[in-house]
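Remarks on the overall topology
Below are the chains, spelled out letter by letter.
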Amino acid sequence: MGCLLPQSPHCWQWATFARSWFLIDARMQPPGKIASMCSVRLQGKHKPIYHPLSDIGDHVVVMNTRHIAFSGNKWEQKVYSSHTGYPGSFKQLTAAQMHKKDPTAIIKLAVYGMLPKNLTRRTMMQRLHLFPDDVLPEDILKNLTEELPQPREIPRKLSEYTQEERNAFPMLWTPPEDYRMK
Amino acid sequence: MSLLGMFWNQTVCLLQHFRGRKNRCYSLAVRAVRRAFVYASKARKAKRRSMRQLWIQRVAAASREQHMKYPALIHNLLKCSVALNRRVLCDLSITEPRSFQSLTALAHARRTEGLRAALGDGAEPPGVFSRITQLQ
């Protein structure tokens, strides 16, 4: 992004109050960590001029929410419950079912739970933009200012290691001659 | 010299913004004014707390911009005997960003010195600070 930095001190003062657009790639990332990064930036807590009443949060665009990676067995064990208030309408969905129904719902609920529980929460949620794949609409692409680094380092699959690296890895034990590998 | 008149003369400027009959009717107004005074007294104490909380949040945000966490910053500035309080740190972080950057660099240097001294073999580190510094 070739943006021109403002030169005069008056423009610096104006630029500190500008609203930036952050991009996060959620591929192979834990949704909780993504959500905490989003909530910090939506509230404006990453700025030294923070005040809870001043509405200085930024926009956050999360892409590839379909390729989120829960650790452990959370896809089967984490349950999202909802009740509309009418009798018999208590619904419980596992994370896998929720994700299949709506690929952006997990991150949306996570961020909603991490924002402060006051009236500004809805406006902050409106500034959060979630996309299941990395196809972003043009008007959002034009607004993006910064991409944030991913919180989790993606480990490489065995197939992504070259044969030389595999040979260079130290042997933990030498199997005997007549050992049969499965 | 009626007490009623005295009350209205003294408090009419205070209760103009009250809702409903509390801004007009004596019995309701008396109760509302007393509550307002009590809230104001409690808030004068709470204001100091909330201001400190705001300074801490701002200093934490600014130090995270410089890749350092707030507890590490404060502890290491303390170890360097830099006695800047949170109010001043907050103002520096907003109006003097470069000074704040140099303070975080100082704290970071002190921190790495401390870690190396704790984990190392006891040799003198080739830095600015001596690990034998004692706080007065």
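Residues numbered from 1 in each chain as written. Chains lettered and ligands numbered in written order. Predicted model: local features only at pLDDT ≥ 70, side-chain atom pairs only at ≥ 80, totals over all residues. Heavy atoms only, no water.

Description of the overall build of chain B
- When you go through chain B residue by residue, the secondary structure sums to five helices and zero strands.
- When its helices and strands are written in sequence order, chain B yields α-α-α-α-α.
- Among the 136 residues that make up chain B, the fraction classed as buried is 24%.
- When the accessible surface of chain B is totalled, it reaches about 10,000 Å², and 57% of it is carbon and sulfur. (Helix = DSSP H or I, 4+ residues; strand = E, 2+ residues; numbered from the N terminus. Buried < 20%, exposed > 50% of the residue type's maximum accessible area, 1.4 Å probe, protein only. Areas by Shrake-Rupley, 256 points an atom, 1.4 Å probe, with all protein chains shown as cover.)

Here we look at helix 2 (residues 31–43) of chain A
All names here are of chain A.
- End to end, helix 2 covers 18 Å across 13 residues, agreeing with the expected 18 Å (1.5 Å per residue, within 8%).
- Along helix 2, the residues that are buried comprise P31, I34, A35, M37, C38, S39, R41, L42 and Q43.
- Check the buried side of helix 2 and you find it contacts strand 1 (21–25), strand 2 (59–63), helix 5 (105–114), helix 6 (120–126) and strand 5 (128–130).
- Remark: G44 follows helix 2 within two positions and exhibits a positive phi of approximately 90°. (Expected span 1.5 Å × (residues − 1). Contact = heavy atoms within 4.5 Å.)

Concerning helix 4 (residues 86–95) of chain B
All names here are of chain B.
- If you check which residues of helix 4 are buried, you get L89, C90, L92 and S93. Within helix 4, the buried residues cover an arc of 165° as seen down the axis, which keeps them to one side.
- Those residues of helix 4 that are buried lie in contact with helix 2 (26–65), helix 3 (70–79) and helix 5 (97–119). (Arc of directions from axis to C-beta.)

Notes on a nonpolar patch on the surface
- A surface patch of nonpolar side chains, about 550 Å² in accessible area, is lined by L172(A), W173(A), Y179(A) and M181(A).
- Inspection of the secondary structure assignment puts L172(A) in the segment after helix 8 (163–168). (Patch = residues over 30% accessible without salt bridge, like charges linked within 9 Å, V, L, I, M, F, W, Y side chains within 5 Å. Salt bridge = Lys/Arg side-chain N within 4 Å of Asp/Glu carboxyl O.)

Focus: the packing of helix 3 of chain B against helix 5 of chain B
All names here are of chain B.
- Where helix 3 meets helix 5, the closest approach of the two axes is 8 Å, and the angle between their N-to-C directions is 80°. Here helix 3 is positioned roughly perpendicular relative to helix 5, judged by the angle of their axes. Across from A72, L73, N76, L77 and K79 in helix 3, the residues of helix 5 making contact are F100, L103, T104, L106, A107, R110 and R111.
- Considering only residue class, the contact of helix 3 with helix 5 consists of seven nonpolar, two polar and three charged. (Axes fitted to C-alpha atoms, helices over the stretch in contact; angles between N-to-C directions. Parallel < 35°, antiparallel > 145°, perpendicular 65-115°, else oblique. Nonpolar A, V, L, I, M, F, W, Y, C, P; charged D, E, K, R; others polar.)

Quick notes on the packing of aromatic side chains
- With the rule as written, the count across this model stands at four aromatic pairs over all chains.
- Centroid distance W173(A) to Y179(A): 5.3 Å. Interplanar angle 90°. Geometry classified as edge-to-face.
- In this structure Y179(A) comes out as partly exposed when scored by relative accessible area, which is 43%.
- Note on F7(B) and Y26(B): the rings are 5.0 Å apart at their centroids and 80° apart in plane angle, and the pair reads as edge-to-face. (Phe/Tyr/Trp six-rings, centres within 6.5 Å; stacked < 30°, edge-to-face > 60°.)

Re the pairing of strand 3 (residues 79–83) of chain A
Residue and element names in this part refer to chain A.
- When strand 3 meets strand 4 (residues 90–94), the two strands line up antiparallel, connected through five bridges. In the sheet register, H83 faces strand 4, and the bridge partner there is F90.
- Counting the residues between successive antiparallel strands, the hairpin from strand 3 to strand 4 contains six residues, one of them, G85, with a positive phi of roughly 105°. (Pairing = 2+ DSSP bridges.)

A short note on the pairing of strand 2 of chain A
All names here are of chain A.
- Of all five residues in strand 2, five are buried; the element is thus mostly enclosed.
- Relative to strand 2, strand 1 is paired through five bridges, and the arrangement is parallel. Looking at the pairing, D25 lines up with M63 of strand 2.
- In this fold, strand 1 hands off to helix 2, which returns the chain to strand 2; that crossover is right-handed.
- Judged from the three bridges that link them, strand 2 and strand 5 form a sheet pairing that is parallel. (Right-handed = clockwise from strand over helix to strand, strands pointing away.)

What to know about a positive patch on the surface
- A cluster of basic residues, R44(B), K45(B), K47(B), R48(B) and R49(B), forms a positive patch on the protein surface.
- Residue R44(B) is classed as exposed on the basis of its relative accessible area, which comes to 51%. (Lys, Arg positive; Asp, Glu negative; His and termini not counted. Charge placed at Lys NZ, Arg CZ, Asp CG, Glu CD.)

Examining the pattern of salt bridges
Residue and element names in this part refer to chain A.
- Per the stated rule, a full pass over the model turns up five salt bridges over all chains.
- Among the salt bridges present, the one from R19 reaches D55, with a minimum N-O distance of 3.7 Å. On the criterion of sequence distance, the pair formed by R19 in the loop between helix 1 (9–16) and strand 1 and D55 in the loop between helix 2 and strand 2 is long-range, its members being 36 residues apart.
- Where K47 meets D58, a salt bridge forms, and the shortest distance between an N and an O atom there is 3.0 Å. Taken as a pair, K47 in the loop between helix 2 and strand 2 and D58 in the loop between helix 2 and strand 2 lie far apart in primary sequence, eleven residues in all.
- Assessed through its relative accessible area of 9%, K47 is described here as buried.

A look at the packing of helix 4 of chain B against helix 5 of chain B
All names here are of chain B.
- One way to put it is that helix 4 packs onto helix 5 with a least axis distance of 5 Å and a crossing angle of 120°. Our classification of the angle between helix 4 and helix 5 gives oblique. Contacts from L89, L92, S93, I94 and T95 in helix 4 reach P97, F100 and L103 in helix 5.
- For the contact of helix 4 with helix 5, the residue count by class is six nonpolar, two polar and no charged.

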